[in-house]
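Summary of structural features
Residues per chain, in single letters:
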Amino acid sequence: MRNRAVACAVGVALALAGCGNIEPDDGRVHVVVGLYPLAFLVERIGGDLVDVENLTKPGAEPHDLELTAQQVGHIAKAHLAVYEATLQPAVDAAIAEAKPAHALDVTTIVPLQPLATDSDDEHADEEADTHGLDPHIWLSPLHMVEIAVAITDQLVAIDPEHEHTYVANRMILVGDLTNLDGSYFSELRQCERTDFITTHAAFGYLAQRYGLTQVPIAGLSPDAEPSPDRVAEIHKIAQDTGITTIFFETLASPALAATIAEDLGLRTDVLDPLEGITDDSRGTDYLSVMYANLQALKEANGCQ
Ligand SMILES: [Zn+2]
């Protein structure tokens, strides 16, 4: 099932990895994930058969996550790590060093694309992290389906005895994600506008799939500060397109969005990039928050 000896030999440098003190095996498949949307998928597919640890704690920002020594130890002992390469360099490094028995980099399933935004937005290009690629693949339900299939394959490889359960759970999950995708298509079909203003540029894959145009105030990272030129440009786009709403998000500060909205006499609303679930989230899981996002987009864009 896994090779503890190899993992420990390789992880000698990880003094705190606890290789000499492995926790009693409770029979479950232990999975570590980089951020919430991946935890959602593993929990839905694995159910009671898996124990999932999200390395990004609730309310924390997954971009540029720092890991504790204890978390690195958990990565070394995991049966499976599911992560998104380049989004969280600390996770990439820990997985490379700790070598969990199985590792799934979801960018091998869904290749990252360059940031898609309005016009030739130089500011967003600058802010696009060093790779210039948009990491927010989980905001497309279709990409979540592709990742769900790959996670199922991993769980079956690790724990073939329970293949039937994993595959059955995956089928229900894929049904839910397909319904979500269908709802976005049907409910965003007839709208007064297709442009929407967000704080950080998280919604490129979602916009692309449903024929919308994302107008981000800042770049791909939530803490990027927009230039005065970019703010002036946002003002002009809002006026030209008749946009009603400036979206902000739960994990990032709404101050900037609020200031721009006030200057333009527009309302603010939440569009959640689903980088984590907290008490402030408009839902308790990926699906319910994605449906809340759909309602917010419909209202902002005047959809019938
Ligand atoms: Zn983000």
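As the structure is a prediction and not an experimental result, all values here were calculated from the model.

**Comments concerning the coordination of the zinc ion**
Here the zinc ion is held by His-63 (NE2), His-136 (NE2), His-200 (NE2) and Glu-275 (OE), and the distances to it run 1.9 to 2.2 Å. If you look at the zinc ion, its four donor atoms make angles of 100 to 121° with each other, and the shape they trace is tetrahedral. Mapping the donors of the zinc ion onto the primary sequence gives the spacing H-x72-H-x63-H-x74-E. Of the two residues, His-63 is situated in the loop between strand E2 (50-54) and helix H3 (69-77) and Glu-275 in the loop between strand E10 (267-270) and helix H11 (286-301); the sequence distance between them amounts to 212 residues. There is no split in this pair, since His-63 and Glu-275 are both buried.

**Points about the nonpolar core**
Of all hydrophobic cores here, the largest spans 59 residues; its most connected members are Val-82 and Tyr-286. Elements represented by at least two residues in this core include exactly strand E1 (29-33), helix H2 (36-46), E2, strand E3 (80-83), helix H6 (141-158), helix H7 (163-187), helix H8 (204-210) and H11. Taken domain by domain, the makeup of this core includes at least three residues from each of domain 1 (4-162) and domain 2 (180-301). Ignoring anything within four residues of it in the chain, the contact list for Tyr-286 reads Tyr-36, Phe-40, Trp-138, Leu-139, Ser-140, Pro-141, Met-144, Leu-177, Leu-180, Leu-274 and Ile-277. Grouped together as the second largest cluster of nonpolar side chains are 15 residues, Leu-55, Leu-67, Val-91 and Ile-95 included.

**Some words on the environment of Ile-197**
For Ile-197, the position within the fold is in strand E7 (residues 195-198). The contact partners of Ile-197, leaving out residues within four places of it in the chain, are Val-215, Ile-217, Ile-234, Ala-238, Ile-243, Thr-245, Ile-246 and Phe-247.

**Remarks on the confidence of the model for the protein**
In the predicted model, the protein carries a mean pLDDT of 86, and the fraction of residues at 70 or more is 84%. Per-residue pLDDT stays below 50 along residues 119-130; that stretch engages in 18 contacts with residues further than four places along the chain or on separate chains.

**A closer look at the pairing of E1**
Among the five residues that make up E1, four are buried, leaving the element largely enclosed by the rest of the structure. Strand direction decides the pairing type here: E1 and E2, joined by five bridges, are parallel. For Val-32, the partnering residue across the bridge sits in E2 and is Glu-53. Between the parallel elements E1 and E2, the chain passes through H2 in a crossover that is right-handed. Across three bridges, E1 lies against E3 in parallel orientation. Within E3, the position partnered with Val-32 by the bridge is Ala-81.

**Examining the sheet that holds E3**
What the four strands build is an open sheet, ordered E2-E1-E3-E4; its pairing is parallel. At either margin of the open sheet sits one strand with a lone partner, and together these are E2 and strand E4 (102-105). Neighbouring strand axes in the sheet, compared pairwise and without regard to direction, differ in orientation by 20° on average. Packed onto the sheet, H6 meets E1, E2, E3 and E4 and runs at close to 175° relative to E4.

The rules behind the values
Residues numbered from 1 in each chain as written. Predicted model: local features only at pLDDT ≥ 70, side-chain atom pairs only at ≥ 80, totals over all residues. Heavy atoms only, no water. Donors = N, O, S within 2.8 Å, 3.2 Å for Na, K, Ca; no water. Tetrahedral: all angles 85-135°; square planar, octahedral: opposite > 155°, others 65-115°. Helix = DSSP H or I, 4+ residues; strand = E, 2+ residues; numbered from the N terminus. Buried < 20%, exposed > 50% of the residue type's maximum accessible area, 1.4 Å probe, protein only. Core = buried A, V, L, I, M, F, W, Y, C linked by side-chain atoms within 4.5 Å. Domains from an automatic or database assignment. Contact = heavy atoms within 4.5 Å. pLDDT = per-residue confidence, 0-100. Pairing = 2+ DSSP bridges. Right-handed = clockwise from strand over helix to strand, strands pointing away. Axes fitted to C-alpha atoms, helices over the stretch in contact; angles between N-to-C directions.

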